[in-house]
Amino acid sequence: MALLSVFCTAKGHAQAMLQVPYRDVIQLNPEPYQAKIAYGSEPAQFMLRWYPENERAQAPILIFIHGGCWLKDYDIEHSKALTAALSKQGYVVYSVEYRRTGMPGGGWPGTFDDIQLAVDKVVKDYPTRSVWLIGHSAGGHLALLASANNPNVDGAIGLAAITDVEAYSEGTNSCQQVTDDFFGGGPLALPQAYHDANPIHHNVRGVLLHGDADKIVPYAQSQKLTLPVVRVEGAGHFDWLHPHSVAFEALLKQLQDL
């Protein structure tokens, strides 16, 4: 059973947002990144890097992995506001683009291979720094897996993360229904693939942050791992991507606690 703390809107922050719609996220105009870095030869194998104007002393290097049901339809663009906002808080941030379902080489295991390549490249550049992964939704799934596969990563912060892909594939919402597309079949047809890709079967390290009003990745997913859980009351799925949300405040507090 995961440990549990609850994050509520603090006094003085009454205007912080809850239940942020996706359209509000993609209409944001984030600060531009400073560098685009290839980690492979394919067009989707790159990272964007943000440098803070005033870097926090002893702050970890952050590697962000966006979500979008692992699908090619959802790329890095919708997560730029979050990563830019984290940089403005004093963090060096790398945001990973990767091959996704519907792209050559995308799906399992190619998508995860991309994440491992990108993470390896960053940690080699910072051999003496703490490195943390942050992943949203399907990106949270990938971040949790990567935390178990790279000993040079300190841990992962899963934001509305998919933690049990087999259980998730049994759901009926639009994202749950395309889990089989990511794997190329269902759990009965591909039991080994689902086992290998399932964070519940790995020694994942980190913490989970989840809104209890999430309709895309149900809050129950946060209870699948024996990791600490921060429950954000009233937060929906896309709240994590908006820098004016209650969820973003919860993420900043977690980073400060590191």
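Our subject is the structure that appears above.
Residues numbered from 1 in each chain as written. Predicted model: local features only at pLDDT ≥ 70, side-chain atom pairs only at ≥ 80, totals over all residues. Heavy atoms only, no water.

### What to know about the packing of aromatic side chains
For the coordinates displayed, the defined rule picks out 10 aromatic pairs. Seen in terms of ring centroids, W108 and F182 are 6.4 Å apart; in terms of plane orientation they differ by 65°. Their pairing is edge-to-face. Here W108 is found in the loop between β5 (93-96) and α3 (110-125), whereas its partner F182 is found in helix α6 (residues 179-183), with 74 residues between them in sequence. Residue classification places W108 among the buried positions, given a relative accessible area of 19%. (Phe/Tyr/Trp six-rings, centres within 6.5 Å; stacked < 30°, edge-to-face > 60°. Helix = DSSP H or I, 4+ residues; strand = E, 2+ residues; numbered from the N terminus. Buried < 20%, exposed > 50% of the residue type's maximum accessible area, 1.4 Å probe, protein only.)

### Points about the pairing of strand β3 (residues 46-50)
For β3, the buried fraction is high: 5 of the 5 residues fall into the buried class. Note that strand β2 (residues 35-38) and β3 share 4 bridges and pair antiparallel. Residue K36 lies in a different strand from β3, and its bridge partner there is L48. As paired strands, β3 and β5 are joined by 4 bridges and run antiparallel to one another. In the strand pairing of β5, W50 is matched with V93. (Pairing = 2+ DSSP bridges.)

### Digging into the environment of D24
Mapping D24 onto the fold places it in helix α1 (residues 22-26). In this view, D24 contacts M17 and H242; residues no more than four positions away in its chain are not counted. (Contact = heavy atoms within 4.5 Å.)

### Thoughts on helix α2 (residues 80-88)
Burial within α2 is extensive, with 8 of its 9 residues counted as buried. All buried positions along α2 are accounted for by K80, A81, L82, T83, A84, A85, L86 and S87. Residues of α2 that are buried make contact with β3, β4 (61-65), β5, β6 (131-136), β7 (155-159) and α8 (246-257). One or two positions beyond α2, positive phi appears at G90, with a value near 105°.

### With respect to the environment of A148
Along the chain, the position of A148 falls in helix α4 (residues 138-149). A relative accessible area of 30% means that A148 is categorised as partly exposed. Spatially, the C-alpha atom of A148 lies 21 Å from that of V93, the residues being 55 residues apart in sequence. Filtering out sequence-adjacent residues up to four positions away, A148 remains in contact with H202, N203, V204 and R205.

### Overview of the side chain of H210
Relative to the elements of secondary structure, H210 occurs in strand β8 (residues 206-211). Judged by its relative accessible area of 1%, H210 is buried. One polar contact links the side chain of H210 to the main-chain carbonyl oxygen of V217, over a distance of 2.7 Å. (Polar contact = N/O pair within 3.5 Å; in protein donor to acceptor, adjacent residues only side chain to side chain.)

### Concerning the layout of surface pockets
If you add up the space inside the largest pocket, you get close to 250 Å³. Around the largest pocket, the lining is made up of 16 residues, and of these G68, C69, Y74, I216 and F238 lie nearest the centre. Along the lines of polarity and charge, the residues of the lining of the largest pocket split into 7 nonpolar, 8 polar and 1 charged. As a volume, the second largest pocket reaches approximately 190 Å³. Taken together, E31, P32, Q34, W50, Y51, P52, E53, N54, A84, S87 and K88 make up the full set of residues lining the second largest pocket. Among the elements that line the lining of the second largest pocket, the one with the most residues is α2, at 3 residues. When the residues that make up the lining of the second largest pocket are grouped by side-chain class, the tally is 5 nonpolar, 3 polar and 3 charged. (1 Å grid on protein atoms, 1.4 Å probe; cavity = no way out; pocket = protein on both sides within 12 Å on 5 of 7 lines; lining within 4 Å. Points joined across faces, edges and corners; volume = space filled by probe spheres on them. Nonpolar A, V, L, I, M, F, W, Y, C, P; charged D, E, K, R; others polar.)

### Focus on the packing of α3 against α4
Between α3 and α4, the shortest axis-to-axis distance is 10 Å and the interhelical angle comes to 60°. Regarding the angle of α3 to α4, the classification is oblique. Both α3 and α4 take part in a crossing whose hand is right-handed. Residue-level contacts link T111, F112, I115 and Q116 of α3 to L142, L145, A146 and N149 of α4. Here the residues of the contact of α3 with α4 sort into 5 nonpolar, 3 polar and no charged. (Axes fitted to C-alpha atoms, helices over the stretch in contact; angles between N-to-C directions. Parallel < 35°, antiparallel > 145°, perpendicular 65-115°, else oblique. Left-handed = near helix turned anticlockwise from the far one by under 90°.)

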